[in-house]
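Listed below, chain by chain, are the residues.
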Amino acid sequence: MHNKNIPFVGLHAHSVAGSIYDALGYPQEHMDFAYDNGMDALALTDHGNMNGLAWQVLHAKKMQAEGKDFKPIYGCEAYFVPSIKEWRREYDKIMLDKKAAAKAKKDETSGATVEDESASKKNVRNILNRRRHLILLAQNQTGLNNLFKMISESYTPEKFYRYPRIDFEMLEKYSEGVIAASACLGGVYAGCYWEHIESGEEAVLEAMRRLTERFVAALGDRWYGELQWNNIPEQHALNKMIIQVCGEYGVDLISTADSHYPNPGAWKDRELY
């Protein structure tokens, strides 16, 4: 339950409308619980899509008619690679191997994007499956339009293999009105951690610094370091590094819950799901 005396807006949440096999509850259930616990806004950031937006819009209107002042924030947890062109070159190389290509084509035929949390929270060695999470939020109507453009393009054949992808080039092209954050243990900063921690903390920090410079160049002060709170030891190690690096670059921090169900009582059902 949220302490109503502490202002808080959830900027990272998943619903069954867009996070298949990863979340419970429709957007309106998440919105109602947030409002009942003292919040006046909530972002929906489903995996790779914005399929819950219509529910957000319609339920916000219903809440307004009932005298409940609540703001839906439109967003997405996108799948990110630094360069789709480089990723595509590796993809094309693999496709030259007939056996590997046959397996890849079989995997590619999925009719829906299903998040594999365990695969995203580690060093993914298979470049075809490589991706990191990135929170994108619409700041205004221009930002919402740009989010729609990025998501639509991420599903085009040259950017899609099991997951839709965006990269720095797309972010730079469609950055206006878009706020971005570093996401979870499957996120872009976490990628630096999983890929370099065997070489030591300083190697992780250096990789995070390089990444921060690129995101700041693309988004300016609309780039945020994201802190999360759970009982995973790596999360707290990563939090400390995010605080350090963002402090060095003057990047603001946000604290999120990364919710996957509309109320605390649903945690067990979500685990079974």
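Residues numbered from 1 in each chain as written. Predicted model: local features only at pLDDT ≥ 70, side-chain atom pairs only at ≥ 80, totals over all residues. Heavy atoms only, no water.

**Student:** Sorry, what's going on with the pattern of salt bridges here?
**Tutor:** Two side chains carrying opposite charge are able to pair once their charged atoms lie near each other. Within this structure, the stated rule accounts for 11 salt bridges. Taking the shortest distance from any N to any O, the salt bridge between Glu 90 and Lys 93 comes out at 3.5 Å. Separated by three residues within a single helix, Glu 90 and Lys 93 lie in helix H3 (residues 84-95), roughly one turn from each other. Between Glu 195 and Arg 132 there is a salt bridge, with the nearest N and O atoms lying 3.2 Å from each other. Here Glu 195, found in helix H8 (residues 188-196), pairs with Arg 132, found in strand S3 (residues 132-138); they are 63 residues apart in sequence, far enough to count as distant. What makes Glu 195 partly exposed here is its relative accessible area of 39%. One salt-bridge network, in which partners are shared between bridges, spans Glu 202, Glu 206, Arg 209 and Glu 248. (Salt bridge = Lys/Arg side-chain N within 4 Å of Asp/Glu carboxyl O. Helix = DSSP H or I, 4+ residues; strand = E, 2+ residues; numbered from the N terminus. Buried < 20%, exposed > 50% of the residue type's maximum accessible area, 1.4 Å probe, protein only.)

**Student:** When you look at the side chain of Ser 19 in this model, what are you seeing that I'm missing?
**Tutor:** Inspection of the secondary structure puts Ser 19 in the segment before helix H1 (27-36). At 2.9 Å, the side chain of Ser 19 and the side chain of His 14 are in polar contact. Looking at Ser 19, its side chain comes within polar contact range of the main-chain nitrogen of His 47, at 3.3 Å. Residues in contact with Ser 19, not counting those within four places in the same chain, are His 14, Asp 46 and His 47. (Polar contact = N/O pair within 3.5 Å; in protein donor to acceptor, adjacent residues only side chain to side chain. Contact = heavy atoms within 4.5 Å.)

**Student:** What exactly am I supposed to notice about the packing of H1 against helix H2 (residues 53-65) here?
**Tutor:** Packed helices, taken two at a time, are described by the angle their axes make and the gap between the axes. Across the interface, H1 lies against H2 with an axial gap of 9 Å and an inter-helix angle of 40°. Comparing their axes, H2 and H1 come out oblique. Between H1 and H2 the crossing geometry is right-handed. Across from Pro 27, Gln 28, Met 31, Asp 32 and Tyr 35 in H1, the residues of H2 making contact are Trp 55, Gln 56, His 59, Ala 60 and Met 63. Each residue belonging to the contact of H1 with H2 can be placed in one class, and the counts come to six nonpolar, three polar and one charged. (Axes fitted to C-alpha atoms, helices over the stretch in contact; angles between N-to-C directions. Parallel < 35°, antiparallel > 145°, perpendicular 65-115°, else oblique. Left-handed = near helix turned anticlockwise from the far one by under 90°. Nonpolar A, V, L, I, M, F, W, Y, C, P; charged D, E, K, R; others polar.)

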